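# A structural walkthrough
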Amino acid sequence: MRVCIVGAGAIGSFLGAHLSRSGSEVAALARGATAAALRAHGFRLEQAGALVTAPVRVVEDTAGLGEQDLVVLAVKGAVADPGRGEDPAFARRRDHGADRGCVVHATCSVVEPGRVRHGFGNELIVGELGGGEPAGGERGAPLSARVTALASLLRSAGFKATVSARIQADIWYKLWWNMTMNPLSALTGATCDRMLDDPLLNHYSVSIMAEAAAIGERLGCPISQSGEDRNAVTRKLGAFKTSMLQDALAGRPLEIDALVTAVTEIGGMVGVPTPHTDALLGLIRVYLEAHLG
């Protein structure tokens with residue numbers, strides 16, 4: 001299997017390292033310090049107290065890729081719409097051209113260019129946005145042979161991969177949480193446990209999540225869990241830094257449009273008021289102007 005990783009950062013390298021070690025021929029589209037590190041060392045993944053390495057072919061433009069069976073777009077803020085959340089990985093096979101979405105439930109961080117640390121979680125939820133020929137599958141709905149093959153590939157690489165017949169709903173659920181904890185952590189500089197231990201900030205995040213849940217209901221992506229219950233689960237994860245907090249501390253661009261701006265725009269389109277989300281958007285925009293230019 002020929003696989004190309006576009007965006008060899010935290011999640012891209014996490015996926016690429018495991019796919020490479022399981023036998024796939026992995027290439028990475030990378031530049032600068034990341035490209036140099038990958039050429040020198042291959043993928044380097046700190047996991048469970050050990051350093052895992054895996055080979056990778058590095059290219060700096062698509063002309064050097066050739067035909068690929070699978071392309072993983074692990075880039076931030078790929079497109080601002082309801083199908084895009086934090087750290088989205090989108091896969092496309094060139095012979096079919098059908099979009100597939102993947103929700104990543106894992107925490108990873110970049111230690112240095114080309115070296116990534118895995119925290120916890122290895123769950124991937126995959127689905128086909130455009131549908132496909134019935135092949136039978138999981139979650140009780142017809143699924144294409146392409147997406148079930150993708151899930152099988154990911155399982156063989158050691159991931160807990162499940163297939164969703166309604167991937168848009170899974171992505172919206174991920175966004176529902178990310179759009180609060182990520183920007184709030186960037187604004188406060190705090191880990192999730194400290195934010196959720198503050199009753200006012202906890203309540204504010206729940207208010208934002210209620211607006212996003214109402215939008216999801218209009219989009220056909222209902223969320224059955226309450227914001228309070230979701231925050232209680234998050235609190236049990238302890239002190240961890242969101243990806244946006246990591247980016248803010250490193251002076252990197254923040255994925256505001258994909259996580260927050262898109263929600264306010266979609267709310268306007270479907271007639272759901274978003275005053276709490278609007279306030280969050282204003283706060284994080286001014287933060288960006290003041291701190292990151």
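Structural data are supplied above this passage.
So, here's what we can say about the structure. These numbers come from a predicted model, not from an experiment.

The rules behind each value
- Residues numbered from 1 in each chain as written.
- Predicted model: local features only at pLDDT ≥ 70, side-chain atom pairs only at ≥ 80, totals over all residues.
- Heavy atoms only, no water.
- Core = buried A, V, L, I, M, F, W, Y, C linked by side-chain atoms within 4.5 Å.
- Buried < 20%, exposed > 50% of the residue type's maximum accessible area, 1.4 Å probe, protein only.
- Contact = heavy atoms within 4.5 Å.
- Phe/Tyr/Trp six-rings, centres within 6.5 Å; stacked < 30°, edge-to-face > 60°.
- Helix = DSSP H or I, 4+ residues; strand = E, 2+ residues; numbered from the N terminus.
- Axes fitted to C-alpha atoms, helices over the stretch in contact; angles between N-to-C directions.
- Left-handed = near helix turned anticlockwise from the far one by under 90°.
- Nonpolar A, V, L, I, M, F, W, Y, C, P; charged D, E, K, R; others polar.

## Re the nonpolar core
Counting residues in each nonpolar core, the largest one holds 39 residues, and the members touching the most others are Leu 38, Val 126 and Leu 154. Ignoring anything within four residues of it in the chain, the contact list for Leu 38 reads Ala 8, Ala 28, Ala 30, Phe 43, Val 56, Val 58 and Gly 114. In terms of nonpolar packing, the next biggest core, distinct from the first, is built from 35 residues, Met 181, Ala 186, Cys 192 and Leu 281 among them.

## A word on the packing of aromatic side chains
Throughout the structure, instances matching the rule amount to four aromatic pairs. Between Phe 120 and Phe 240, the ring centres sit 5.8 Å apart and the planes meet at 90°, which makes this aromatic pair edge-to-face. In this pair, Phe 120 is assigned in the loop between β10 (115-118) and β11 (123-128) and Phe 240 in the loop between α7 (227-236) and α8 (243-250), connecting sequence segments 120 residues apart. Since its relative accessible area comes to 33%, Phe 120 is described here as partly exposed. When the ring of Tyr 173 is compared with that of Trp 176, the centres are 5.5 Å apart and the planes differ by 35°; the resulting orientation is tilted. One end of the pair is Tyr 173 and the other is Trp 176, both in helix α4 (residues 167-188) and three residues apart, which spans about a single turn. Residue classification places Tyr 173 among the partly exposed residues on the basis of a relative accessible area of 25%. Chaining the aromatic ring pairs together yields one cluster made of Phe 120, Trp 177 and Phe 240.

## Description of the packing of α4 against helix α9 (residues 256-270)
Two numbers describe how α4 lies on α9: the axes approach to 9 Å, and their chain directions differ by 115°. Here the hand of the crossing between α4 and α9 comes out left-handed. Between α4, through Trp 172, Leu 175, Asn 178, Met 179, Asn 182 and Pro 183, and α9, the contact on the second element is made entirely by Ala 258, Leu 259, Val 260, Val 263 and Ile 266. In the contact of α4 with α9, the residues fall into nine nonpolar, two polar and no charged.

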